[in-house]
Amino acid sequence: MRVALDATPLTVTTGGIARYTRELSRALAETFPEDDYWLVSDQAFPMPEERLPNLRRGRSPVRLWERRWWSAGLIAELRRRAIDVFHGTDYAVPYLPVRPTVLTLHDLAPWKLRRWYPEARRIRRRTPILLRLGLATMVVTPTEAIRREAMAKFRIPAERIVAVPLAAAAVFGPVERSPRPAPYFLHVGVLEPRKNLGVILEAWREVRRRHPVDLVLVGRRRKDFPRLGPEPGLVLAGEVDDKALAALYSHALALLMPSLYEGFGLPVVEAMCCGAPVITSRDPALAEVAGAAGLRLEFTDVRAWIEALSLAVTDPGWRAEQRQRSLERAREFSWSRTARRMREVYEEAKLRLGR
């Protein structure tokens, strides 16, 4: 099979969709060496670091008309490479049905939380049209929670939409040496309003009055998130590389994810792979990913978050039990498993269009 994947998410260095595109393309090429996989975009992007002979870069637009990427340039590239299936990794597929297509719908945040995603106007306008016209042969979501939500909002038939979970990169596993001298809680993700960080900041400040514990925030700050000033124990780590992140996960008292809404919550899987306890909100996708591991709390119940953080600080038995639960749950996720399931979706898309 010859598959092309939209590589446009790789034009940014961080973020869940970039990691999804990079890890999925690599896993597909490794798991199915008999296939050919092409990363295509009208913008410059870095290839995954591993050099795999069946994972290749497509050609950027060279003719003026090819710069109309979704309606002309991409279609020309698919024909040039004799592609069997196109996978739109970021809410989009070609505007003409020249090949079977798979569209990944990561979540419905662009429609649910409009004031927090003003830059998503194109997605809000374009994706529903693509779905309504049937230009996406198959639709993929990262969780059953998002699958159900998408079916209800966009009236997608159940047989055309499949939940395929994500996984953690191979670098994420227990690290022996602690990266910090003081005990700490950890949050990983873009600093943005949807992450509901005010709840854990308030809870952590209360717990810190009684216990010398830090709060480490990993991730870039989006411009609509207020700046946090210097504060004892608060560490704004910014973006860190995966090896450093694995060490942070491994020795955290707990990963804190109080998000108001998630499509999957990749930091939860990464943390569980490193043996970190996880404390999340009751968001349906986060609950689905965490399974029996960790605690789930109401989004705005600061008192409950204070109690949970206090438990994590004072009860080593609880931490040990939760670390074991995290490691057990993490074994259910792998990129090779994701790649095998995704290739089944590609085959289904081919069958549906009779190719």
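Residues numbered from 1 in each chain as written. Predicted model: local features only at pLDDT ≥ 70, side-chain atom pairs only at ≥ 80, totals over all residues. Heavy atoms only, no water.

1. Quick notes on the pattern of salt bridges
Threshold: What counts as a salt bridge is simple: a side-chain nitrogen of Lys or Arg found within 4 Å of a carboxyl oxygen of Asp or Glu. Runs of E in the DSSP output that reach at least two residues are strands. Runs of H or I that reach at least four are helices, and both are numbered from the N terminus. Accessible area is worked out with a 1.4 Å probe on protein chains only. A residue is then buried under 20% of its type maximum, exposed over 50%, and partly exposed in between.
One pass over the structure, following the stated rule, counts 26 salt bridges. The salt bridge partner of Arg19 is Asp242, with a shortest N-O separation of 2.7 Å. Taken together, the positions of Arg19 in helix α1 (residues 16-31) and Asp242 in helix α7 (residues 242-251) put the pair 223 residues apart, joining distant regions of the chain. With relative accessibility at 25%, the residue Asp242 sits in the partly exposed group. A network of salt bridges, in which partner residues are shared, links Glu192, Arg194, Lys195, Arg222, Asp224 and Glu262.

2. Examining the sheet that holds strand β5 (residues 101-104)
Stated precisely, the cut-off is as follows: Whether two strands pair comes down to DSSP finding at least two bridges between them. Here the axes come from fitting lines to C-alpha atoms, over the contacting stretch only for helices, and the angles between their N-to-C directions go from 0 to 180 degrees.
Taken in spatial order, the seven strands make up an open sheet running β3-β2-β1-β4-β5-β6-β7, and their pairing is parallel. Each edge of the open sheet is held by one strand with a lone partner, namely β3 (55-57) and β7 (161-163). Taking the axes of each pair of neighbouring strands and ignoring which way they run, one obtains an average angle of 25° across the sheet. Note that β5 and strand β6 (residues 138-141) share three bridges and pair parallel.

3. Quick notes on unusual backbone geometry
Phi is positive for Tyr91, close to 70°, though the residue is something other than glycine. The phi torsion at Asn196 lies on the positive side, around 60°, for a residue other than glycine. Exposure remark for Asn196: the relative accessible area of 12% places this residue in the buried category.

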